[in-house]
Amino acid sequence: MKKSLLYISLFLILILLPSHIGSPGVTLEGAAGPYNLTVVVNSPDVIPGTASVDIYTTDRGIDSISVKPMYWYAGTKGTPKSDPALPVDGEPGHYKAEVWLMSSGTAGISVNVTGREGKGEILVPVMAVSTAKKEMEASLGWTLAGLGLFLVILMTTIISLSMKDSQRDPGEKPDKKTRRKRWIGALIGMVVLILLLWGGNNWWKSWAKNYSRYMYKPYTATTEIKSSNGIQKLVFNIDSTKLESLYLTRSLNYLVPDHGKIMHMFLLRENKLDVFAHLHPTRLDSSTFETIIPPLPPGNYYVFTDVSRLSGFSETIADTVTIGEASPQLVNSWNDSLLMDVDDTYYITDPYIEDAEKEILPGGDIVICGSPGERTRLPDGSWVTLELPEEKVFRSGQLYDLTIVVDDPDGNPAELEPYLGMMGHAVVFKSDGSVYIHLHPVGSYSTASQQTMLSRFQGESGMVDWDNLPDPVIFMDSVDNYITYLNKLSDEKREEILLADMDHDYDADDPEHEGHSSVSFPYTFPTSGNYRIYVQMKRKGKILNGAFDVVVEE
């Protein structure tokens, strides 16, 4: 019972938080023309509100950097003027700006750089939605109420005196009729003020109700495990009936592939975190998805699904599921070729362990490129090492390049191959369930969101023509056919297409990791605590998974 309550409470934490659960900032690492930038955008939790934009670069000769918001629905004609990003004192290469996000929806922060190498621009996709409802402090509320009462008494007194004294000569004493007028004036004044307060209160409540109605509310979903012909299938059904805002922006009819898949699903076994699966369900209809699951160990699992849309809006839909014991027949006859998608993968490793027990990790601690590292063995015998900070703990709120180095079984740099258009993927999960994020070497944003927004801004300049969106059925069929086409291609050809779509160049000659095969994921841990980082890469045609437990302090 206690375990069940804990499980429910953890899940409540999950569903109450927005996309990229518990990790609200967006990080992008890319090139604005000739300039290499890392951009971190922290969106406001209330719209309208200001987003903070931090820009980091090691390039020199930059004259100015400016930023501006761009909304998918408004187009380039609805874009405001740019605001300058100013250098941060004492931090060379660090620029900072604030940008107002005035409306809900899919937005992008356009970063424009001018310098001696010319001009460059890059777009950071941002989901502008209200996720919080601010509460007034009780002390401030009582203070304002007292001031309001004082003003009401003052105004009533002024009105009543004006009814009495304005009709008398100086020094003339009020008679009975004048005093009566004073009380009538006070009564009328009080009634008018009460009516004004009542109207104002109703106006405020209507705005508060409207705000609550249009606050971001995550989709809910139900997950079922069904057995058919000895195969276990997971059916994920999204409830879209309670969507009260952004109907077209968040429509499930207009899902677009991200990394060549309509949905990325991650399964993590609760508490132990020793089972990790990255699956790509097939769409049965606009809200129902199905995939075959391998014979995973029984237990309660977190389910996270990442989706993106034609509008560029991306989000994570979370649920939980209980997976029972797989039948001996399934275990004995299992073959990974039974998985539904060619890029599905799963991983069973050591249970999550506390920091004090880390010495039992296979591989142990090592030094890599002058920095401490933590190493673990991959299923094919190769090794993956996570580079740690000098003090061996990470700090919340600080931007890191989470760098992994991969060596073959002989200790030589492993030759990595692209997996889903990237040289690596990572999932960061906090052990208390409050943080989940899917990372790529280019950052924490959805590349599909960036592509759809860039396509929109390049092809059109005005408002979205909502009446002429593609037919939903035809659109879904087209997307599904394209994914089927991709899955039938050879790995090499499919990755060639995905790499082109992702506009991602793999820098195999990273000067900071010379002589090593490395992949980095820019990320800022939002809070302190214990985290597990799952990493994914591909070598000799096999998808490889590893896991690290790290400590994050304030």
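Residues numbered from 1 in each chain as written. Predicted model: local features only at pLDDT ≥ 70, side-chain atom pairs only at ≥ 80, totals over all residues. Heavy atoms only, no water.

Student: How do you make sense of the UniProt feature "transmembrane region" (unreviewed entry) in the protein chain when you look at a structure like this?
Tutor: Under the local residue numbering, the UniProt record ascribes the feature "transmembrane region" (unreviewed entry) to residues 140-162 and 183-204. Between the end C-alpha atoms of residues 140-162 the distance is 33 Å, and the span holds 100% helix and 0% strand. Structurally, residues 183-204 comprises 100% helix and 0% strand, and the distance from its first C-alpha atom to its last is 31 Å. (UniProt positions renumbered as here; feature names shortened; annotations may be inferred. Helix = DSSP H or I, 4+ residues; strand = E, 2+ residues; numbered from the N terminus.)

Student: Sorry, what's going on with the pattern of salt bridges here?
Tutor: Once their charged atoms are close, side chains differing in charge can pair, the charge on each being opposite to the other. The tally for this structure, following the rule as stated, stands at 18 salt bridges. In this structure, the salt-bridge partner of K261 is D341, at a minimum N-O distance of 2.8 Å. One end of the pair, K261, is in the loop between β11 (255-256) and β12 (264-269); the other, D341, is in the loop between α4 (328-333) and β18 (345-348), with 80 residues separating them in the sequence. With respect to class, K261 is no different from D341; both count as buried. When the shortest N-O distance is used, the salt bridge between R395 and E391 registers 3.8 Å. Overall, R395 belongs to the partly exposed group, its relative accessible area being 27%. Assessed through its relative accessible area of 43%, E391 is described here as partly exposed. One salt-bridge network, in which partners are shared between bridges, spans K261, D341, D343, D491, R494 and K538. (Salt bridge = Lys/Arg side-chain N within 4 Å of Asp/Glu carboxyl O. Buried < 20%, exposed > 50% of the residue type's maximum accessible area, 1.4 Å probe, protein only.)

Student: What's the story with the domain arrangement of the protein chain in this structure? I'm lost.
Tutor: It is common to give the size of an interface as the accessible area that goes away when the parts come together. You can read the domains of the protein chain as domain 1 (25-128) and domain 2 (148-162 + 180-214). Taking only C-alpha atoms into account, the centre of domain 1 sits 45 Å from that of domain 2. (Domains from an automatic or database assignment.)

Student: How do you make sense of the sheet that holds strand β14 (residues 282-285) when you look at a structure like this?
Tutor: Pairing between sheet strands relies on hydrogen bonds along the backbone, with the strands arranged either parallel or antiparallel. Strand order in the open sheet formed by four strands is β9-β10-β15-β14, with antiparallel pairing between adjacent strands. Looking at which strands have only one partner, the edges of the open sheet turn out to be β9 (220-228) and β14. The mean inter-strand angle of the sheet, taken between neighbouring strand axes irrespective of direction, is 25 degrees. Note: β9 against strand β10 (residues 231-239), nine bridges, orientation antiparallel. Across the sheet, S228 pairs through a bridge with I231, a residue of β10. (Pairing = 2+ DSSP bridges. Axes fitted to C-alpha atoms, helices over the stretch in contact; angles between N-to-C directions.)

Student: Sorry, what's going on with the nonpolar core here?
Tutor: One broad rule of soluble globular proteins: the nonpolar side chains tend to lie buried together. Among the nonpolar cores identified, the biggest contains 32 residues, and L37, I55, I109 and V111 are the most heavily contacted of them. With residues near it in sequence (within four places) discarded, L37 still touches L28, E29, G30, A32, I55, Y56, T57, V111, V113 and I122. Core analysis: the next-biggest nonpolar cluster, separate from the first, contains 30 residues, L234, L255, V307 and A448 among them. (Core = buried A, V, L, I, M, F, W, Y, C linked by side-chain atoms within 4.5 Å. Contact = heavy atoms within 4.5 Å.)

Student: Explanation requested: the packing of aromatic side chains in the structure shown.
Tutor: When we look at a pair of aromatic rings, we describe it by the centre distance and by the angle of the planes. Overall, the coordinates contain 19 aromatic pairs when judged by the stated rule. Put simply, the rings of F266, F276, Y302, F304, F429, Y436 and Y534 touch in pairs and so form one group of aromatic residues. Between the NZ or CZ atom of R250 and the centre of the ring of Y219, over which it lies, the distance is 4.9 Å. Just above the ring of W72 sits the side chain of R456; from NZ or CZ to the centre is 5.9 Å. (Phe/Tyr/Trp six-rings, centres within 6.5 Å; stacked < 30°, edge-to-face > 60°. Lys NZ or Arg CZ within 6 Å of the ring centre and 35° of its normal.)

Student: Any chance you could explain the side chain of S160 here in plain terms?
Tutor: By the secondary structure assignment, S160 is in helix α2 (residues 138-165). Look past the residues within four positions of S160 in its chain and what remains in contact with it is R182, G185 and A186.

Student: Could you clarify how one ought to interpret the sheet that holds strand β28 (residues 542-553) in this entry?
Tutor: Across the sheet, five strands lie side by side as β22-β28-β27-β24-β25; this open sheet has mixed pairing. Single-partner strands in this sheet number two, and they are β22 (394-395) and β25 (436-439). The pairing of strand β27 (residues 529-539) with β28 spans eleven bridges and is classified as antiparallel. Within the sheet, the bridge partner assigned to R539 lies in β28 and is K542.

Student: Would you mind going over a nonpolar patch on the surface with me for this structure?
Tutor: A contiguous nonpolar patch, built from F150, L151, L154, M155 and I158 and spanning about 480 Å² of accessible area, is present on the exposed surface. The exposure class of M155 is partly exposed, given its relative accessible area of 38%. (Patch = residues over 30% accessible without salt bridge, like charges linked within 9 Å, V, L, I, M, F, W, Y side chains within 5 Å. Areas by Shrake-Rupley, 256 points an atom, 1.4 Å probe, with all protein chains shown as cover.)

Student: Mind showing me how you'd approach a positive patch on the surface here?
Tutor: Taken together, K176, K177, R179 and R180 make up a surface patch of like positive charges. With respect to the secondary-structure elements, K176 resides in helix α3 (residues 176-214). Residue class for K176 comes out exposed when judged on its relative accessible area of 65%. (Lys, Arg positive; Asp, Glu negative; His and termini not counted. Charge placed at Lys NZ, Arg CZ, Asp CG, Glu CD.)

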